[in-house]
Amino acid sequence: MMSQDLKTVVFIALTFLIGMLLTIVPMSQSLVWFRPEWILMLLFFWVMMTPHRVAVIGAFFVGLLADLLTGTLFGLHALLFSLTAFFVLYFYVNIHGLPIWQRALLFFGILIVYFSLQAWILSLTGVSVHFWQILAPAVISAILWPWVYLLLCDYQQRYEIY
Amino acid sequence: MIASQTSPSFKKIRGHLDSIVLPIQYAVDWPIRTVHAMATRLTTQQQLLQDDAQLRAHDLLLQAKLQELLVLERENAQLRELLKSTQRLGGKVLVAQILAVDLNPNLHQMIIDKGVNDHLYIGQPVLDSYGVVGQIVHVGQRVSKVMLATDPKNAIPIQDYRTSTRAIAVGDGVSGKLNLINVPNATDIQVGDLLVASGLALRYPVGYPVGVVENVAHKSDRDFAEISVIPSAHLNQAQQVIIAWPSKTSLAKDVKQELKTQLPQPMSNNAGGVSP
């Protein structure tokens, strides 16, 4: 049983590691505003599928790592990821009843709130943020979400991560 | 979050925490660098011969220019002797690699692979071969963060190369350009003027290029002209940057000495009724 626990944690951590690599891979200057929010996608998926493994606490620590990686204010991502995880857990039953396209729509809503809050906190600390550059990654992430979802579903079933 | 924004001791802890994610950053940086290295190794002979010819021609040209420069340099030194001012550049420089890692695009920062071990300090100027890149805002053990000149928090005291008009260039943030602030409408700054660091902040080396004026707008309802500047440094393409140690201490010493000798003079001038 212990080995199953360990295996699950390692496999989930591995996806987050890949997500973090994708978050800091350099992109050309024109595309830099269209980077999808990989870590949030992963978080949304794992909290939805394995809430007993990844919950608010897990989201918080993933968020701290994301802060260190992207150089933002320490705790910014941690707070926002924790809020997202809490939201998903609170409406866990309702979300599970939804078909995939409605989940994508819900995820888009979460992304808008997420990026707005991020922009608000960043602007409080004296960073100039433009609204349309918040919307671009939100749209890209929402478009990519169903594919990431199917990929992760396959991953989860193949390696029996529960 | 508030602690990280305000407390200086937290910034030190943050520096240590940053090394947690260093392996992830290097994991992204290393393959990209390897591919670059392989691409440079796999150039064809044709290409190399062509490059060689081109570089030889370039070298000849530069040699010719150097001859002129040698004379100019001596002349300049003599003039400076007359003006009793200090030499401009000098001091140590160091070449640093930029890690191939993207930070949050709102932040206008990048990471370089030198840190405390190489005696970097906060506020140190970062240049490339074309102009001023920015300054160091955070020094870690092995890596440091550079704030680009385009960050709205960054300001560079500049001087118009053509007219010697002084102003301050502040980053614009989103557009990747700089703006000159508090420049009166009547000031003679034109499109295409080269702006160089004036060295007034004792931070950037005197005379190092900062940018070229792209647009000058005079609006009748504003007191100041709106001037946008394209930075000279290749902020997006650079892989290496130069970190400079401007001889700050010697400059300050010279200024003090100069003031000491100069101070009594105006009084005697006034007494004699002669103005210089």
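Residues numbered from 1 in each chain as written. Chains lettered and ligands numbered in written order. Predicted model: local features only at pLDDT ≥ 70, side-chain atom pairs only at ≥ 80, totals over all residues. Heavy atoms only, no water.

**Q** Before we move on, could you go through the overall build of chain A and cite the residues and values that matter?
**A** The helix and strand tally for chain A stands at seven helices and zero strands. Tracing chain A from N to C terminus, the helices and strands come up as α-α-α-α-α-α-α. At 16 Å, chain A has a C-alpha radius of gyration in line with the 15 Å of a compact globule built from 162 residues. C-alpha extents for chain A along the principal axes are approximately 50 × 30 × 30 Å. Within the span of chain A, comprising 162 residues, buried residues form 48% of the whole. Of the roughly 7900 Å² that chain A leaves accessible, carbon and sulfur atoms contribute 76%. For chain A, the centre of its 5 positive side-chain charges and the centre of its 5 negative side-chain charges are spaced 5 Å apart. (Helix = DSSP H or I, 4+ residues; strand = E, 2+ residues; numbered from the N terminus. Rg over C-alpha atoms; globule rule 2.2 N^0.38 Å. Buried < 20%, exposed > 50% of the residue type's maximum accessible area, 1.4 Å probe, protein only. Areas by Shrake-Rupley, 256 points an atom, 1.4 Å probe, with all protein chains shown as cover. Lys, Arg positive; Asp, Glu negative; His and termini not counted. Charge placed at Lys NZ, Arg CZ, Asp CG, Glu CD.)

**Q** Explain the nonpolar core to me, and be specific about the residues and the numbers.
**A** Ranked by internal contacts, the top residues of the largest apolar core, which has 61 residues, are F16, W46, F81 and W145 of chain A. Only helix 1 (2-24), helix 2 (38-49), helix 3 (56-70), helix 4 (76-90), helix 6 (100-124) and helix 7 (132-158) of chain A together with helix 3 (22-41) of chain B provide two or more residues apiece to this core. The greatest single-element share of this core, amounting to ten residues, is contributed by helix 2 of chain A. Ignoring sequence-local partners within four residues, the contact set of F81 of chain A consists of E37, I39, L40, L43, A59, V62, G63, A66 and Y114 of chain A. (Core = buried A, V, L, I, M, F, W, Y, C linked by side-chain atoms within 4.5 Å. Contact = heavy atoms within 4.5 Å.)

**Q** Could you give an account of the sheet that holds strand 5 (residues 144-148) of chain B, with specific residues and numbers?
**A** Residues and elements named next belong to chain B. A sheet is described by the order of its strands in space; here six strands give the open sequence 1-12-3-4-5-2, paired in antiparallel fashion. Two strands close off the open sheet at either side, each with one partner strand: strand 1 (93-97) and strand 2 (109-112). Put simply, the sheet's adjacent strands are angled 35° from each other on average, direction ignored. Sheet topology places strand 3 (residues 125-127) next to strand 4 (residues 132-139); three bridges connect them, and they run antiparallel. Across the sheet, the residue bridging to L127 is V132, located in strand 4. (Pairing = 2+ DSSP bridges. Axes fitted to C-alpha atoms, helices over the stretch in contact; angles between N-to-C directions.)

**Q** Provide a residue-level description of the confidence of the model for chain A, including the pertinent values.
**A** Averaged over every residue, the pLDDT of chain A is 85; the share at 70 or more is 98%. For chain A, per-element mean pLDDT is lowest for helix 5 (residues 92-96) of chain A, which scores 82, and highest for helix 4 of chain A, which scores 91. (pLDDT = per-residue confidence, 0-100.)

**Q** Outline the sheet that holds strand 11 (residues 226-231) of chain B, supporting the account with residue identities and numerical values.
**A** Taken together, six strands build a closed barrel; the order of strands is 6-7-8-11-10-9 (chain B) and the barrel is antiparallel. When strand polarity is set aside, the average angle formed by the axes of neighbouring strands in this sheet is 40°.

**Q** How would you summarise the packing of helix 2 of chain A against helix 4 of chain A if you had to cite specific residues and measurements?
**A** Residues and elements named next belong to chain A. Helix 4 packs onto helix 2 with a crossing angle of 30° between their chain directions and a minimal axis gap of 10 Å. On the basis of their axis angle, the class for helix 2 and helix 4 is roughly parallel. By crossing handedness, the relation of helix 2 to helix 4 is classed as right-handed. Residues I39, L40, L43, F44, V47 and M48 of helix 2 form the contact with helix 4, whose own contacting residues are F81, T84, A85, V88 and L89. Considered class by class, the residues forming the contact of helix 2 with helix 4 number ten nonpolar, one polar and no charged. (Parallel < 35°, antiparallel > 145°, perpendicular 65-115°, else oblique. Left-handed = near helix turned anticlockwise from the far one by under 90°. Nonpolar A, V, L, I, M, F, W, Y, C, P; charged D, E, K, R; others polar.)

**Q** If you had to explain empty space enclosed by the protein to someone new, which residues and values would you point to?
**A** Under the definition given, this model contains one cavity of 30 Å³ or more. The volume enclosed by the largest cavity comes to roughly 330 Å³. Contributing to the lining of the largest cavity are 23 residues, with E37, F115 and Q118 of chain A together with N104 and P105 of chain B lying nearest its centre. Of all elements in the fold, only helix 3, helix 6 and helix 7 of chain A reach the threshold of two or more residues within the lining of the largest cavity. Among the elements that line the lining of the largest cavity, the one with the most residues is helix 6 of chain A, at four residues. Each residue belonging to the lining of the largest cavity can be placed in one class, and the counts come to 13 nonpolar, seven polar and three charged. (1 Å grid on protein atoms, 1.4 Å probe; cavity = no way out; pocket = protein on both sides within 12 Å on 5 of 7 lines; lining within 4 Å. Points joined across faces, edges and corners; volume = space filled by probe spheres on them.)

**Q** I'd like a rundown of helix 3 of chain A, residues and numbers included.
**A** In this model helix 3 of chain A runs 21 Å from its N-terminal to its C-terminal C-alpha over 15 residues, within 8% of the 21 Å that 1.5 Å per residue would give. Following helix 3 of chain A by one or two positions, G71 of chain A has its phi on the positive side, about 75°. (Expected span 1.5 Å × (residues − 1).)

**Q** Any details on the confidence of the model for chain B? Residues and values, ideally.
**A** Residue and element names in this part refer to chain B. Looking at chain B as a whole, its pLDDT mean stands at 79, while 82% of the residues score no less than 70. Long-range and interchain partners of residues 266-276, a stretch whose pLDDT sits below 50, account for two contacts in this model, where long-range means more than four residues apart. The ipTM, which scores confidence in the relative placement of chains, is 0.73 for this predicted complex, and the corresponding pTM is 0.73.

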